[in-house]
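# Structural features, examined
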Amino acid sequence: MPISAYRKLSLFAAVLAAPLVNAVASQTYTWKNVKIGGGGGFVPGIVFNPSQKGLAYARTDIGGAYKLNADDTWTPLLYVLSFRYTTWNYWGVAALATDPVTPSRLYLACGGYTNSFDPNNGNILISTDSGSTFTPSKLPFKVGGNMPGRGMVQRLAIDPNSNGILYFGAGAGNGLWKSTNFGQTWAKVTSFPSVGTYAPDPTDSSGYNSELIGIAWVTFDSTSGTSGTATPRIFVGVANLGSTNIFVSNDAGSTWSAVAGQNTTYLPHKGVLSPKEKALYVSYSNGAGPYDGTLGSVFKYNISTSVWTDITPVTGSDLYFGFGGVAVDLQKPGTIMVAALNSWWPDGQIYRSTDSGATWSPFWAWGNYPDINKYYSYSDTLAPWLGIGTVDTTLGDLQIGWMMEALVIDPFDSNHWLYGTGATIQGGHNLLNWDSTHNVSLSSLADGIEETSVQALIKPGANLISAVGDIGGFFHASLTAPPAAEFMNPKWSTTADLDYAGNSPLNIVRIGTGDSTQGLQVALSSDGGQTWNQDYGAAANVSGGKVALSANADTVLWRSSTNGVLRSQYTNAFTAVPSLPSTAAIASDKLNNSIFYGAASSSFYLSTDGGVTFSVKSTLGSSTSPFKVIVNPTVSGDVWVSSDAGLFHSTNFGSSFTAIPGISQAWAIALGAPKSSGSYYAIFAAANIGGVGYFRSDDGGVNWIRIDDVAHGFGSASSNCLTGDFSTYGRVYIGTNGRGIFYGDASGTAPPPSTTVSSTTTSKSSSSTSSTTTTTSKSSSISSSSSSKSTTTSSTTTSSAPTSTGTVPAFGQCGGQGWTGGTVCVAGYTCTFSNTFYSQCIAS
Ligand SMILES: *[C@@H]1O[C@H](CO)[C@@H](O)[C@H](O)[C@H]1NC(C)=O
Ligand SMILES: *[C@@H]1O[C@H](CO)[C@@H](O)[C@H](O)[C@H]1NC(C)=O
Ligand SMILES: *[C@@H]1O[C@H](CO)[C@@H](O)[C@H](O)[C@H]1NC(C)=O
Ligand SMILES: *[C@@H]1O[C@H](CO)[C@@H](O)[C@H](O)[C@H]1NC(C)=O
Ligand SMILES: *[C@@H]1O[C@H](CO)[C@@H](O)[C@H](O)[C@H]1NC(C)=O
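Residues numbered from 1 in each chain as written. Chains lettered and ligands numbered in written order. Predicted model: local features only at pLDDT ≥ 70, side-chain atom pairs only at ≥ 80, totals over all residues. Heavy atoms only, no water.

Where we set the bar: UniProt positions are given in the numbering used here, feature names are shortened, and annotations may be inferred rather than shown by experiment.
If you check an unreviewed UniProt entry, the protein appears there as CBM1 domain-containing protein from Roridomyces roridus. Recorded under Sequence similarities (unreviewed entry), the UniProt text for the protein is reproduced unchanged: "Belongs to the glycosyl hydrolase 74 family."

## Quick notes on the overall build of the protein
We count it as follows: What counts as a helix is a DSSP run of H or I of at least four residues, what counts as a strand is a run of E of at least two, and both are numbered from the N terminus. Classification of residues uses two cut-offs on accessible area relative to the type maximum, computed with a 1.4 Å probe and protein chains only: under 20% is buried, over 50% is exposed, and between them is partly exposed. Contact between two residues is taken to exist if any of their heavy atoms lie within 4.5 Å; hydrogens are not considered. In these tables, accessible area is a Shrake-Rupley quantity obtained with a 1.4 Å probe, and a residue counts as shielded only by the protein chains included in the view.
Counting its secondary structure elements, the protein contains two helices and 63 strands. Across the 844 residues of the protein, 63% fall into the buried class. Partitioning the intrachain contacts of the protein with sequence separation of at least 6 by distance along the chain shows that 55% fall at a separation of at least 24. When the accessible area of the protein is evaluated, it comes to approximately 27600 Å², of which 52% is carbon and sulfur surface.

## Comments concerning the side chain of serine 297
With respect to the element layout, serine 297 can be found in strand β20 (residues 296-302). The residues touching serine 297, leaving out its near neighbours within four places in the chain, are Tyr266, Val282, Ser283, Tyr284, Thr312 and Phe323.

## Comments concerning unusual backbone geometry
With an omega dihedral of 0°, the bond running from tryptophan 345 to proline 346 counts as a cis peptide bond. Considering the arrangement of structural elements, one finds proline 346 in the loop between β23 (336-340) and β24 (350-353). Between tyrosine 369 and proline 370 the backbone carries a cis peptide bond, its omega angle lying at 5°. Within the fold, proline 370 resides in the loop between β26 (364-366) and β27 (372-374). Its identity as a non-glycine residue notwithstanding, alanine 172 has a phi of 60°, on the positive side. With respect to the helices and strands, alanine 172 occurs in the loop between β11 (166-169) and β12 (176-179). Phi at serine 601 takes a positive value of approximately 40°, unusual for a residue other than glycine. Summarising the element assignment, serine 601 is placed in the loop between β45 (596-600) and β46 (603-607).

## Here we look at the packing of aromatic side chains
Counted only if it meets this: In this scheme Phe, Tyr and Trp rings, the latter by its six-membered ring, pair at centre separations within 6.5 Å, and the angle between planes marks the pair as stacked below 30 degrees, edge-to-face above 60, and tilted otherwise.
Under the definition given, this model contains 37 aromatic pairs. Measuring from centroid to centroid gives 5.6 Å for tyrosine 284 and phenylalanine 299, while their planes differ by 85°, and the two rings are edge-to-face. Of this pair, tyrosine 284 sits in strand β19 (residues 279-285) while phenylalanine 299 sits in strand β20; the two residues are 15 residues apart in sequence, bridging distant segments of the chain. In this structure, tyrosine 284 and phenylalanine 299 share a single accessibility class: buried. Ring geometry for tryptophan 385 against phenylalanine 474: centres 5.5 Å apart, planes inclined by 65°, an arrangement best described as edge-to-face. Separated by 89 residues along the polypeptide, tryptophan 385 in the loop between β28 (376-379) and β29 (407-409) and phenylalanine 474 in strand β35 (residues 473-476) bring together distant segments of the chain.

## Considerations on the environment of serine 650
Considering the arrangement of structural elements, one finds serine 650 in strand β50 (residues 646-650). We classify serine 650 as buried; its relative accessible area is 1%. Sequence separation between serine 650 and tryptophan 640 is 10 residues, and the spatial gap between their C-alpha atoms is 6.4 Å. Among residues more than four places away in sequence, those in contact with serine 650 are Gly637, Asp638, Val639, Ser655, Ser656 and Phe657.

## Topic: the site of ligand 1
Our working rule: It suffices for a single heavy atom of a residue to lie within 4 Å of a molecule or strand for the residue to be listed as near it. Residues adjacent in sequence count toward polar contacts only when both atoms are side-chain atoms; beyond that, a polar contact is any pair of N or O atoms within 3.5 Å, and within protein one must be able to donate a hydrogen and the other to accept it.
With respect to spatial proximity, the complete set of residues near ligand 1 consists of Asn263, Thr265 and Tyr266. The separation between an oxygen atom of ligand 1 and a polar side-chain atom of asparagine 263 is 2.3 Å. A distance of 3.5 Å is found between an oxygen atom of ligand 1 and a side-chain nitrogen or oxygen belonging to threonine 265.

## Concerning the side chain of serine 179
You can see serine 179 is positioned in strand β12. A polar atom in the side chain of serine 179 sits 2.9 Å from the backbone oxygen of threonine 185. Dropping the residues within four chain positions of it, serine 179 is found in contact with Gly164, Ile165, Leu166, Gln184, Thr185 and Trp186.

## Structural notes on the pairing of strand β14 (residues 215-220)
Along a regular strand, successive side chains alternate from one face of the sheet to the other. The following threshold applies: By definition, two strands form a pair when at least two bridges between them are found by DSSP.
Burial within β14 is extensive, with six of its six residues counted as buried. The sheet contact formed by β14 and strand β15 (residues 234-238) spans five bridges and is antiparallel. Bridge pairing links phenylalanine 220 to isoleucine 234 in β15.

## Some remarks on the sheet that holds strand β54 (residues 692-697)
Pairing within the open sheet is antiparallel, and its four strands lie in the order β52-β53-β54-β55. Only two strands of the sheet have a single partner each, and these edge strands are β52 (665-672) and β55 (705-706). In the sheet, strand β53 (residues 682-688) pairs with β54 via six bridges, with the strands oriented antiparallel. The partner of asparagine 688 across the bridge, within β54, is valine 692.

## Observations regarding the site of ligand 3
As a reminder of what qualifies: For this scheme, ten residues count as nonpolar: Ala, Val, Leu, Ile, Met, Phe, Trp, Tyr, Cys and Pro. Four count as charged, namely Asp, Glu, Lys and Arg, and the remainder, Gly too, count as polar.
Taken together, Asn373, Lys374, Tyr375, Tyr376, Ser377 and Asn439 form the complete shell of residues around ligand 3. In this structure, lysine 374 approaches ligand 3 through a main-chain N or O atom, which is 2.7 Å from a nitrogen atom. Residue asparagine 439 places a side-chain N or O atom 2.4 Å away from an oxygen atom belonging to ligand 3. Alone, ligand 3 offers 360 Å² of accessible surface; in the complex the protein occludes 42% of this. Taken together, the residues of the shell around ligand 3 sort by class into two nonpolar, three polar and one charged.

## A short note on the pairing of β20
Burial analysis of β20 places six of its seven residues in the buried class, which makes it a mostly covered element. Where β19 lies against β20, seven bridges are found, and the strand directions are antiparallel. Bridging across to β20, serine 285 finds its partner in glycine 296. Sheet topology places β20 next to strand β21 (residues 307-310); four bridges connect them, and they run antiparallel. Across the sheet, the residue bridging to asparagine 302 is valine 307, located in β21.

## Looking at the pattern of salt bridges
Using the following cut-off: Think of a salt bridge as a Lys or Arg side-chain nitrogen and an Asp or Glu carboxyl oxygen that are within 4 Å of each other.
Using the criterion set out here, one finds 11 salt bridges in the structure. We note a salt bridge from aspartate 708 to arginine 706, for which the minimum N-O separation is 2.7 Å. Exposure remark for aspartate 708: the relative accessible area of 2% places this residue in the buried category.

## Describing the layout of surface pockets
Using a probe with the size of a water molecule, rolled over the atoms, empty space left in the structure can be pinpointed. Basically, it comes down to this: Of the two site types, the cavity is a set of points on a 1 Å grid over the protein atoms alone where a 1.4 Å probe fits but cannot get out, and the pocket is an open set with protein on both sides within 12 Å along at least five of seven lines, each lined by residues with an atom within 4 Å of a point. Grid points are joined across faces, edges and corners, and a volume is the space filled by probe spheres set on the points.
What the second largest pocket holds in volume is close to 1100 Å³. What lines the second largest pocket is a set of 38 residues, among which Val47, Phe48, Pro50, Val272 and Leu273 lie closest to the centre. Sorting the residues of the lining of the second largest pocket by element identifies β2 (45-48), β6 (93-98), β10 (156-158), β14, β18 (267-274), β22 (323-328) and β29 as the ones contributing at least two each. Classifying every residue of the lining of the second largest pocket by side-chain character gives 27 nonpolar, seven polar and four charged.

## Digging into a nonpolar patch on the surface
Heads up, the rule is: Residues enter patches when their relative accessible area tops 30% and they take part in no salt bridge; the joining distance is 9 Å for like charges and 5 Å for the nonpolar side chains Val, Leu, Ile, Met, Phe, Trp and Tyr.
A cluster of nonpolar side chains, contributed by Trp345, Trp366 and Tyr369, occupies part of the molecular surface with about 400 Å² of accessible area. Tracing the backbone through its elements, the reader meets tyrosine 369 in the loop between β26 and β27.

## Quick notes on the sheet that holds strand β51 (residues 658-659)
Spatially, the four strands line up as an open sheet ordered β48-β49-β50-β51, and their pairing is antiparallel. If you trace the sheet from one side to the other, it starts and ends with β48 (626-631) and β51, each paired once. The sheet contact formed by β50 and β51 spans two bridges and is antiparallel. Directly across from phenylalanine 648, in β51, lies its bridge partner alanine 659.

## A few points about the confidence of the model for the protein
Quick note on the threshold: Known as pLDDT, the predictor's confidence for each residue is given on a scale from 0 to 100.
Predicted confidence across the protein gives a mean pLDDT of 88, with 86% of residues reaching 70 or more. The low-confidence segment residues 1-22, where pLDDT is below 50, has 136 contacts with residues more than four positions distant or belonging to other chains. The low-confidence segment residues 389-395 (pLDDT under 50) makes 24 contacts with residues lying over four places distant or belonging to another chain.

## Section: the environment of serine 602
Residue placement: serine 602 occurs in the loop between β45 and β46. Looking at serine 602, the relative accessible area reads 25%, which means it is partly exposed. For the pair serine 602 and serine 618, spaced 16 residues apart in sequence, the C-alpha to C-alpha distance is 8.5 Å. Leave out the neighbours within four places in its chain, and serine 602 touches Ser618, Thr619, Leu620, Gly621 and Ser623.

Right, here's the structure in full:
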């Protein structure tokens, strides 16, 4: 299964926020990424600015955009936006354009999905300061940063002669759009003749593969115009298979026609202008990608003569892939490169020509079979886990990579090149050696990019352990250095969950989401997650879900995704546990080996016989979907449960629960070191406490302190996981769905308890109005052809608006349909539109 950046976007975005009744005081935290290094997911686009040396950006499909630094590292953009539930879909960057006239201008086309996975329309995010800040311009249609064909498309383009003019080629049948005011407003180009007819799988009932890919790329012929006037000639590639798929305008977009003589056999993936040659280089594939494509071609269109030439580097049985990335060396007209989109075996392939495609040389060639002559040396020091033996056991060792749609040569430095793969960015600084010695240095160059989807985190001892989508997961020997290897032996693409044994915390269980082609999906470690043994009690093709390991490490309770709840002791065959629902959240007691806990709909379940049988002990208020059960590591029977109805606490093995006041919804929860010895563990929660965010309580849940801030919202709260740290008070780790793992340490002073929300102020939501929102979450890797999508219905209750019209505190509600409260924020905060129902005071 190819690495792609695992997606489980849970579309909490559609859930309405409860209005803030009373502000929760906050404490400043310092947030940093735990370094995995190397990216960890698909990088569909890399763009160099042609006018400012060294200015380049990369876009990802679920992890935002990044800016290149002079030392080869990358800085994540989009921190400036909070990425709370209203903006999680900004992490899907479908296109990126950097302004050749005013290089400080940057545009991102953002959105998650064009099908039902994402209810929100897309945005063009406009920056005038090279990505430090952005202003969103909402589009009247959806944008799919994580849709099929997301690497084929580079659909946002700025007129190089008149940079107020932009084109955006939409997907899903929405056609070509144009802005004449630097992206602020957009209008459909009604004269453009095609919206694209190709969909990867028109029969896909999820709507994911049946969506039309649409407009693929827009390329201005800068040589056709003069500075200050709209460029007359514009080429547009469209996802049409077997019919006209490259159009041209010669009158600045007023009228359009098919480029004569084009070959429409395959889909045009890239159309790259070589201005000094007055040529357009086009790569084609028979699939939209990023995974597919078994045939393709490369053509040169000579703009001066209107002649097309087939310059495909290989033919016959050597051609078993389509083509993706195309690069031209702006300093050396005629030097071009093209990447095989997916050569799955023995490795990816890239070709280079210095004579405009007349002849080519490859990145590797067969020697005496099975020997391969690699015309490069490879370094993975920035992300050692990417290297030989760890890349992907199901594919063999792909050093060069796959899903190669982004391929660029620095316009100011012919030696500097970069390309995106399904897992990282690679490239180097001695590319001209390709033409002299035919041997270049190739490195993973994605330092700073963290775009993984994190499924679970635990920190039972000195080390953090992560379950990660697509790249397995890691034992983190360090938070600041990349891990040496992924989980190995067994190795699965996606680890779904982890747990440790309370009485012997070096004993760890992990479960995977694969089928039997990846081996059985349960593994055990007795050295804290560094090495593993297959649990042969598991059966083939049973996978996914949640896992709990008994206190003495002999019993595994597994709420699988495929076969209900299962249980195994001493690695014997797993047997069914019919008394616990197949949707249950589960946990083990951390001291008593016989005790497991479960929670499903409104019921809390207890097992006192090692998970063989469960019985209902009590009710969790009005919960319909418990999210997480956590257990005090030093007190048996001291249990917390988060759910769509809030946060619940029991100290008697679940015989009774107290609903924590003021919390209307809670997702991930975790315990960490107490503030002082003798006090209760610090409790961390992703929750709705007068607003969705991340909170900490130092007093057993009475008072809560907000610990996230406007620059750190971590995406969709309901998709994330948490773990605390039992050795460092205040520290919490947040696993995100697209931006890797963050760890936060308190750096500001904690507010006094009296200023935090109290039960009397928040529990009073007298005349409440209910709104029901259907949200969907996609919970399987999109790299598998049979992706599953679960639909959940969640209800939120919006309490009546307060009648006060005074100044609204930080993060308070300041507007929205039916809102009659204050609309003016305290100093330093601006009332910011979130959605029709909710505006919030955000730091200005
Ligand atoms: C168009 O391209 C296909 C695939 O490369 C090739 O087989 C076919 O001969 C080409 N058609 C023409 C008219 O050149
Ligand atoms: C375009 O055609 C002209 C005339 O044949 C030729 O001189 C020029 O080299 C061609 N350009 C490219 C990039 O092939
Ligand atoms: C390219 O250079 C590397 C490092 O020196 C070497 O291992 C490799 O064999 C060379 N490739 C060829 C085809 O000579
Ligand atoms: C497991 O599923 C794979 C396909 O995903 C199938 O090829 C294989 O036969 C299945 N194995 C068993 C034991 O059912
Ligand atoms: C563990 O729990 C079981 C079931 O409630 C109980 O019988 C047993 O005494 C407990 N063991 C310890 C050491 O507390």
